[in-house]
Each structure stands twice: as structure tokens, then as C-alpha cells.
Amino acid sequence: MSLSHPPTLPRTPQDKMPEDRRHMIRRRWLTAIIIVLLVGIPAGYLVISAGQSRDSGRDKERESSAAGLQDNWPSLMKRRVFEVPIPGGAWDVAYYETSNWKTSRLYVQFTTTATGLDAFLAESGTGRAALTPGRITVGERDADIAGWTFAEGMTWAGTTVRREEPRPTTDLTVDLTDPAFPRVYAVSATSP
């Protein structure tokens, strides 16, 4: 014995239940929210990213177009690359960077305490004993670029920290006129 099933006829669009108004509004809102999320979030991200990139480019342009010392701390990256470990608590910090295809130089000046000077010299790979009294190690050309004047009548001491290539060489000149608050002038040069 076999059971026969009545044939099912395909439904036509007219046979669908009509959509009530509340369901239609909910469906449209859901569609609108999905479109806003799919388009708005990436667009917002692109706008924010472009703004940050533009600001970064302006900062780099301003920094590279500066002539002479800038009253600010060099970035941590620059201090690491040029091996100029400015001690914490230093003040009147200023720097200037030059770069060409042959040599890059970082000019830094700051005032610190006697303990800060000892820490700076130790981290630079030297010590107070290496400072030669009366010696100015920063050359005239570098002093002109940075706008430094090493006047007579001050208590100067200097040394040059030589490191194995490709690490930088640093000329250090220290004003020890007030031994409690020495003023450091450093020129660190490296070849890329």
C-alpha cells in the first residue's frame, strides 16, 4: 500500500504573508545600521590615520628645517642611536641634528648636577678622569653650527669618546665653572 502525497505547488509572491509595518521599519533600521558600520568605521579610521600621518610629517618637517638648537629633549631613539644618555633631571636641554649622505651629527647641550655629570659620563663609556682640564674638544665648525661660544675665563674640560665602528664618536666639552652644576656640550657623529 502506498500513500500518496498531494503535490506541493510552488508559492507565488502573492501568496506570501504581507509584512507588517513594524517589521518593515525594524528591517530598514537594521539594514541602515549595518551599512553605517560597514562604511563608517573604515572611513573614520582612514580619516584619523591620515590626520596622524600628516601631523607626524609636519613635525618631522619642522624639526628638519630648524636651524640651530631646539629647546627640547631629543627623542629617546636619537639619544640611543647617537649614544648621548642625558641624565634625568637635566635642565636647559637643547639639541640639533644634521644629516647627510656621509655623516649624521647630534648636537646636545644641557645643565646637570655633579652626580648627573658622573652618571652621564659613565653611561657614555668614560669618566671624570678622562676629562682634560682646559681642553675644548668640540671643533670650531661644530661650535658654529650649534651656535656655541667657548669663552675664555671659564673652566673648561673635555674628552672624546671613541667607540668601535659603526657606533658614534662623541666630543664632550664640559663647563665646570660651577662644579655643582656643570654645563655639558656634546657632539656625537656617526656614519650610516
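Up top is the structure these notes are about.
Caption draft 1: Layout of the overall build of the chain. Assigned secondary structure in the chain consists of four helices and six strands. Secondary structure of the chain in N-to-C order comes out as α-α-β-β-α-β-α-β-β-β. For the chain, the residues scored as buried account for 33% of the 192 residues in total. Residue pairs at least 24 apart in sequence account for 51% of intrachain contacts in the chain once pairs closer than 6 positions are excluded.

Caption draft 2: Just the pattern of salt bridges, in detail. Scanning the entire structure with this criterion turns up six salt bridges. The salt bridge involving aspartate 118 is made with arginine 128; its shortest N-O contact spans 2.6 Å. A residue pair is termed long-range when its members are at least 10 positions apart, and aspartate 118 in helix H3 (residues 114-124) and arginine 128 in the loop between H3 and strand E3 (132-133) qualify at 10 residues. Owing to a relative accessible area of 35%, arginine 128 belongs among the partly exposed residues under this scheme. Among the charged side chains, a salt-bridge network with shared partners connects Glu83, Arg163 and Arg167.

Caption draft 3: Molecular detail of the nonpolar core. Membership of the largest hydrophobic core comes to 20 residues, with the highest contact counts inside it found for Val84, Ile86, Val108, Phe110, Leu117 and Phe120. Among the secondary structure elements, those contributing two or more residues to this core are strand E1 (91-99), strand E2 (104-111), H3, strand E4 (156-161), strand E5 (169-175) and strand E6 (183-190). Apart from the residues lying within four places of it in its own chain, the contact partners of phenylalanine 110 are Ile86, Pro87, Ala90, Trp91, Asp92, Val93, Phe120, Pro182, Arg183 and Val184. Listed in part, the 10 residues of the second largest apolar core include Val138, Ala143, Ala146 and Trp148.

Caption draft 4: Highlighting the side chain of aspartate 142. Assignment of secondary structure puts aspartate 142 in helix H4 (residues 140-146). Residue classification places aspartate 142 among the buried positions, given a relative accessible area of 10%. At 2.8 Å, the side chain of aspartate 142 and the side chain of tyrosine 107 are in polar contact. Once residues within four sequence positions are removed from consideration, aspartate 142 is found in contact with Arg105, Tyr107 and Val187.

Caption draft 5: Local environment of the environment of aspartate 20. With respect to the secondary-structure elements, aspartate 20 resides in the segment before helix H1 (21-65). Among the polar contacts listed, one links the side chain of aspartate 20 to the backbone nitrogen of histidine 23, at a separation of 3.1 Å.

Caption draft 6: Region of interest: the sheet that holds E1. Here we have six strands laid out as an open sheet, ordered E1-E2-E6-E5-E4-E3, and antiparallel in their pairing. Of all strands in the sheet, those with a lone pairing partner are E1 and E3, marking the two edges. Taken together, the eight bridges between E2 and E6 define a ladder with antiparallel strand orientation. In the strand pairing of E6, tyrosine 107 is matched with valine 187. In the packing of H3 onto the sheet, contacts are made with E2, E4, E5 and E6, and the angle to E5 comes to roughly 165°.

Caption draft 7: Here's a closer look at the environment of threonine 169. Within the element layout of this structure, threonine 169 appears in strand E5. C-alpha of threonine 169 to C-alpha of alanine 189: the two residues are 20 residues apart in sequence and 5.4 Å apart in space. Residues within four places of threonine 169 in sequence aside, it is in contact with Thr160, Val161, Arg162, Arg163, Val187, Ser188 and Ala189.

Caption draft 8: Looking closely at the pairing of E1. Pairing of E1 with E2, which is carried by seven bridges, proceeds in the antiparallel orientation. When the bridges of E2 are listed, glutamate 97 appears paired with leucine 106. Where E1 folds back onto E2 in an antiparallel hairpin, the turn is made up of four residues.

Rules and cut-offs
- Residues numbered from 1 in each chain as written.
- Predicted model: local features only at pLDDT ≥ 70, side-chain atom pairs only at ≥ 80, totals over all residues.
- Heavy atoms only, no water.
- Helix = DSSP H or I, 4+ residues; strand = E, 2+ residues; numbered from the N terminus.
- Buried < 20%, exposed > 50% of the residue type's maximum accessible area, 1.4 Å probe, protein only.
- Contact = heavy atoms within 4.5 Å.
- Salt bridge = Lys/Arg side-chain N within 4 Å of Asp/Glu carboxyl O.
- Core = buried A, V, L, I, M, F, W, Y, C linked by side-chain atoms within 4.5 Å.
- Polar contact = N/O pair within 3.5 Å; in protein donor to acceptor, adjacent residues only side chain to side chain.
- Pairing = 2+ DSSP bridges.
- Axes fitted to C-alpha atoms, helices over the stretch in contact; angles between N-to-C directions.

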